[in-house]
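Each chain, written out:
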Amino acid sequence: SRSVVAGGGAVELEVAKHLREHALSIDGKGQLIVNAFAKALEIVPRQLCDNAGFDPNDILSALRRKHTQDADGKWFGVDIENGDIMDTFEKGIWEPSDNKSNSLSSAAEAAGVILSIDETVINPRSQDPGAANGMMGGGGPKPMGNMMGGAMDMVNAQKGGSRSGNLGQGVSYMKGRGGG
């Protein structure tokens, strides 16, 4: 489509505002997750401020206030020329709405994938009491990539570098949190 939305972090701030309002209606851990996603969206205007050499705390505070207290504040974003806030839509700082929609959808999908991971890779040798003297792998410090004996590296090398889901010798999946 040919529609546009305001740039300068305006959309991210407005979506974050609505997510925070919605989070108040959620009980339990779900509220924390929605608030964390709202906070993550604010990285866009924060980074714009940092890149322009301005203090992001003052500008983000002003943006939150504008988006919350002013009915016409939904298009306000970062003014990188003056270190302030402005109506970015009115000033012609636009982004294609399809791109913004796809970005937000992809971010939400990525967060969902991360939160839904239900399997943990374990190395049975690490559960053998004689295998370690206080550290995984039994001995001095080793690089993180060697914690599983290079099992995933072995699989990746066999499969042309991509993750296949197959595990190397001596490595198994632990389903869920209970290990069942």
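Residues numbered from 1 in each chain as written. Predicted model: local features only at pLDDT ≥ 70, side-chain atom pairs only at ≥ 80, totals over all residues. Heavy atoms only, no water.

Caption draft 1: Broad picture of the overall build of the protein chain. What the protein chain contains, in helices and strands, is six helices and six strands. Helices and strands appear in the protein chain in the N-to-C order β-α-α-α-α-β-β-β-α-β-α-β. In the protein chain, which comprises 180 residues, the proportion classed as buried is 25%. Sequence-distant contacts in the protein chain: of pairs separated by 6 or more residues, those separated by 24 or more amount to 57%. Accessible surface, the protein chain: about 11800 Å² in total, of which carbon and sulfur atoms supply 53%. (Helix = DSSP H or I, 4+ residues; strand = E, 2+ residues; numbered from the N terminus. Buried < 20%, exposed > 50% of the residue type's maximum accessible area, 1.4 Å probe, protein only. Contact = heavy atoms within 4.5 Å. Areas by Shrake-Rupley, 256 points an atom, 1.4 Å probe, with all protein chains shown as cover.)

Caption draft 2: Seen up close, helix 4 (residues 56-69). With 14 residues, helix 4 should reach 20 Å at 1.5 Å per residue; the first-to-last C-alpha distance of 20 Å fits that figure. The complete set of buried residues in helix 4 reads Pro56, Ile59, Leu60, Ala62, Leu63 and His67. An end-on view of helix 4 places all buried positions within 160 degrees of arc, on one side of the element. Seen from the open side of helix 4, the exposed residues pointing more than 90 degrees away from its buried face are Asp58, Thr68 and Gln69. Packed against the buried residues of helix 4 are helix 1 (10-23), helix 3 (43-52), strand 2 (76-79) and strand 3 (84-87). (Expected span 1.5 Å × (residues − 1). Arc of directions from axis to C-beta.)

Caption draft 3: Spotlight on the pattern of salt bridges. The full count for this structure, using the stated rule, is six salt bridges. In this structure, Glu12 and Lys100 form a salt bridge, with 2.4 Å as the shortest nitrogen-oxygen distance. Within this pair, whereas Glu12 is found in helix 1, its partner Lys100 is found in helix 5 (residues 97-115), the two being separated by 88 residues in sequence. Summarising the burial analysis for this pair, Glu12 and Lys100 share the class buried. Glu42 serves as the salt-bridge partner of Arg64, at 2.7 Å between the closest nitrogen and oxygen. With Arg64 in helix 4 and Glu42 in the loop between helix 2 (29-41) and helix 3, this residue pair connects regions lying 22 residues apart in the sequence. Look at Arg64 and you get partly exposed, because its relative accessible area is 32%. By relative accessible area, Glu42 is classed as buried at 5%. One continuous salt-bridge network, built from bridges that share partners, spans Glu12, Glu95 and Lys100. (Salt bridge = Lys/Arg side-chain N within 4 Å of Asp/Glu carboxyl O.)

Any functional reading would require information that these geometric values do not contain.
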